[in-house]
Amino acid sequence: MANDPIHQFQIQKLFTVADVGGVEIAFTNSALFMFLTVGAVAAFLYFSTAGRALVPSRWQSAAELSYEMVANMLRDGAGKEGMRFFPFVFSLFMFVLFANLFGMVPYFFTVTSHIIVTFALAILVIGTVVIYGVMHHGTHFLGLFVPKGVPLAVLPLVSAIEVISFLSRPISLSVRLFANMLAGHITLKVFAGFVGSLGALGALGIGGAILPLAMVVGLTALEFLVAFLQAYVFAILTCMYLNDALHPGH
Amino acid sequence: MSFFVTEALAQESAPAPAAPAPDTTAPQTAPIEPPLDAGAPADAHGAAEATHSEVGHEAAGHGGPFPPFDPSTFASQLVWLAISFALLYLLMKRVLAPRVGSIIEERAGRIADDIGRAERLREQSDAAIASYEKALAEARSQSQRIAAEATEAAKAEVAAERARIEAQLGAQLAAAEVRIGEIKSRALAEVGSIAEETAAEIVATLSGSAPQRDEVAGAVSAALGK
């Protein structure tokens with residue numbers, strides 16, 4: 001178990017809540033960390049801004065920085081009208097970021113290392129895009145699949161490609177985040193396992209364990225970068241997709 | 001996937017019975033996850049496959065399917081993700097985003113206000129400087145005017161005084177010249193009698209006899225007349 005790199009992804013049932021038509025709904029370690037993530041995000045944003053200082057403290061500065069980063073991202077990506085989705089995009093960014101960062105704490109569960117979680121978030125994004133797009137633009141929303149200035153002869157082909165690209169968005173959005181978190185954690189665990197097993201071999205082994213140890217240190221730094229970067233990528237792609245819902249004309 | 005789990009595999013290779021004996025199947029994992037190991041035979045083993053599917057949906061043991069792809073956990077995760085994310089969204093929409101946003105807006109407003117006030121103050125100080133410079137220029141021109149006037153007045157006064165003194169001096173000079181002329185003419189008039197007396201004396205001394213007054217006067221006037 002100590003060296004099993006898959007063990008960290010186990011869903012562990014803490015207690016069963018309900019049984020709906022033979023499908024058990026259980027409160028698991030994953031659910032626990034989802035709520036921890038939500039709690040941490042809320043606590044961070046709430047308490048860091050408790051001072052409401054004109055000249056912000058470090059914590060307040062961090063909260064304001066993340067707010068303004070997402071706000072600028074959304075304004076640049078989806079225009080001024082996109083700001084109505086700000087709470088949604090900011091929630092997504094903070095949720096993914098904090099879930100990823102929680103995953104970096106040893107023995108903590110990584111919520112975003114499960115495809116179903118990232119896929120659900122991606123479907124939420126695409127669902128928002130489709131529902132908002134159809135509600136506000138009606139059939140005009142389908143103009144998304146008909147690029148302007150394309151010759152009529154190749155239009156069916158281009159439209160088919162556009163449709164496929166649109167349908168693949170939730171998959172690419174979810175798999176990117178999921179695969180990054182999964183692969184990073186497995187790699188970390190495998191190298192950390194090398195350190196342990198080599199160290200057990202005596203003096204020579206301890207010497208040899210230095211290399212994977214250095215790798216683990218470097219990978220840890222890299223994983224922190226990836227944790228932030230994937231949250232950023234998820235948020236910025238969300239902004240771009242929302243732009244399609246707001247301005248399907250191009 | 002199963003090559004990752006060699007250690008655990010050995011213990012779980014035998015088809016595990018149903019629920020009640022988790023501790024015997026996987027001692028290491030037992031304290032943390034007793035119920036999960038219940039239906040946890042290795043699916044790498046075909047023999048166990050039937051048991052696995054019958055025993056249930058919590059097949060998340062080490063020998064079970066790769067955890068992220070285990071559909072039996074999907075429902076639970078989706079439910080709790082929906083609840084937790086909805087909670088976060090509501091908190092964000094109602095409390096957190098307005099809270100952080102208002103602080104940022106407040107600051108932006110405050111900065112704009114301060115810049116506006118600084119602009120106003122600058123305009124005021126510019127106006128004050130302009131009026132000060134205007135007053136300074138006025139005062140300077142006035143002082144120049146006063147100085148010029150004073151110089152003019154002084155010059156006029158000096159000229160008048162000088163004219164007065166010159167006139168006075170001229171008058172005195174004229175009077176003196178008149179007096180000199182009088183004295184001169186009087187002296188010239190007396191020269192004849194003095195010369196006569198002197199000549200009479202000289203003649204008397206030289207000849208021993210006093211000459212006639214008429215002769216002397218004639219001689220003197222003849223000498224003067226030359």
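Residues numbered from 1 in each chain as written. Chains lettered and ligands numbered in written order. Predicted model: local features only at pLDDT ≥ 70, side-chain atom pairs only at ≥ 80, totals over all residues. Heavy atoms only, no water.

Engineer: Could you give an account of the interface of chain B and chain A, with specific residues and numbers?
Structural biologist: Contacts between chain B and chain A engage 48 residues on the former and 57 residues on the latter. Inspection of the region where chain B meets chain A yields two salt bridges. Counting the contacts that link chain B with chain A gives eleven residue pairs in polar contact (both at pLDDT 80 or more). (Contact = heavy atoms within 4.5 Å. Salt bridge = Lys/Arg side-chain N within 4 Å of Asp/Glu carboxyl O. Polar contact = N/O pair within 3.5 Å; in protein donor to acceptor, adjacent residues only side chain to side chain.)

Engineer: Can you break down a nonpolar patch on the surface residue by residue, with the values?
Structural biologist: Residue and element names in this part refer to chain A. A surface patch of nonpolar side chains, amounting to about 430 Å² of accessible area, comprises Leu14, Phe15, Val17, Leu32 and Leu36. Broken down by secondary-structure element, the contributors of at least two residues to the nonpolar patch are strand E1 (13-20) and helix H1 (29-48). Among the elements that make up the nonpolar patch, the one with the highest residue count is E1 (three residues). Take Leu32: it is sitting in helix H1. (Patch = residues over 30% accessible without salt bridge, like charges linked within 9 Å, V, L, I, M, F, W, Y side chains within 5 Å. Areas by Shrake-Rupley, 256 points an atom, 1.4 Å probe, with all protein chains shown as cover. Helix = DSSP H or I, 4+ residues; strand = E, 2+ residues; numbered from the N terminus.)

Engineer: So, unusual backbone geometry: which residues are in play, and what are the values?
Structural biologist: Residue and element names in this part refer to chain A. A positive phi angle, near 45°, is found at Arg52, a position not held by glycine. Here Arg52 shows up in the loop between H1 and helix H2 (58-78). Using a relative accessible area of 35% as the deciding quantity, one classes Arg52 as partly exposed. In this structure, Tyr107 is a non-glycine residue whose phi angle is positive, near 75°. One can find Tyr107 in the loop between helix H3 (86-103) and helix H4 (115-137). Given the relative accessible area of 86%, Tyr107 is considered exposed. (Buried < 20%, exposed > 50% of the residue type's maximum accessible area, 1.4 Å probe, protein only.)

Engineer: Report on the UniProt feature "transmembrane region" (unreviewed entry) in chain B, specifying residues and quantitative values.
Structural biologist: UniProt annotation of "transmembrane region" (unreviewed entry) refers to residues 74-92 of chain B when read in the numbering used here. Annotated as 100% helix and 0% strand, the span residues 74-92 of chain B places its first and last C-alpha atoms 26 Å apart. (UniProt positions renumbered as here; feature names shortened; annotations may be inferred.)

Engineer: So what's going on with the packing of aromatic side chains? Which residues, and what values?
Structural biologist: Under the counting rule described, the total for this entry stands at 24 aromatic pairs over all chains. Measuring from ring centre to ring centre gives 6.1 Å for Phe27 of chain A and Phe35 of chain A, while their planes differ by 20°; the resulting arrangement is stacked. Ring plane angle 85° and centroid distance 6.4 Å describe the contact between Phe88 of chain A and Phe85 of chain B, whose orientation is recorded as edge-to-face. Highlighted residues: Phe88 of chain A in helix H3 and Phe85 of chain B in helix H4 (residues 74-207), drawn from two different chains. (Phe/Tyr/Trp six-rings, centres within 6.5 Å; stacked < 30°, edge-to-face > 60°.)

Engineer: Lay out the packing of H2 of chain A against H3 of chain A with the relevant residues and their values.
Structural biologist: Residues and elements named next belong to chain A. Across the interface, H2 lies against H3 with an axial gap of 10 Å and an inter-helix angle of 125°. Relative to H3, H2 is oriented oblique. For the element pair H2 and H3, the recorded crossing hand is right-handed. Across the interface between the two elements, Ser66, Tyr67, Met69, Val70, Ala71 and Leu74 of H2 pack against Phe86, Val89, Phe90, Phe93 and Met94 of H3. Of the residues that constitute the contact of H2 with H3, the class distribution is ten nonpolar, one polar and no charged. (Axes fitted to C-alpha atoms, helices over the stretch in contact; angles between N-to-C directions. Parallel < 35°, antiparallel > 145°, perpendicular 65-115°, else oblique. Left-handed = near helix turned anticlockwise from the far one by under 90°. Nonpolar A, V, L, I, M, F, W, Y, C, P; charged D, E, K, R; others polar.)

Engineer: Give a detailed account of the UniProt feature "transmembrane region" (unreviewed entry) in chain A, specifying residues and quantitative values.
Structural biologist: Residues and elements named next belong to chain A. In this structure's numbering, the residues bearing the UniProt feature "transmembrane region" (unreviewed entry) are residues 25-47, 85-109, 115-134, 141-168, 188-217 and 224-243. End C-alpha atoms of residues 115-134 are separated by 28 Å, and the span's content is 100% helix alongside 0% strand. This span, residues 224-243, is 100% helix and 0% strand, and a straight line between its end C-alpha atoms measures 29 Å.

Engineer: Tell me about the pairing of E1 of chain A, and name the residues and values.
Structural biologist: Bridge analysis of E1 of chain A against strand E2 (residues 23-28) of chain A gives six bridges, and the strand direction is antiparallel. Across the sheet, Asp19 of chain A pairs through a bridge with Glu24 of chain A, a residue of E2 of chain A. (Pairing = 2+ DSSP bridges.)

Engineer: Got a sec to walk through the confidence of the model for chain B? Specific residues and values, please.
Structural biologist: Residue and element names in this part refer to chain B. Averaged over chain B, the pLDDT score is 76; the fraction of residues at 70 or greater is 71%. The least confident element of chain B, judged by mean pLDDT, is helix H3 (residues 46-55) at 39; the most confident is H4 at 92. Contacts of residues 1-61 to residues separated by more than four positions or lying in other chains number 84 contacts, the stretch itself having pLDDT below 50. Across the interfaces of the predicted complex, the ipTM metric reaches 0.89, alongside a pTM of 0.68. (pLDDT = per-residue confidence, 0-100.)

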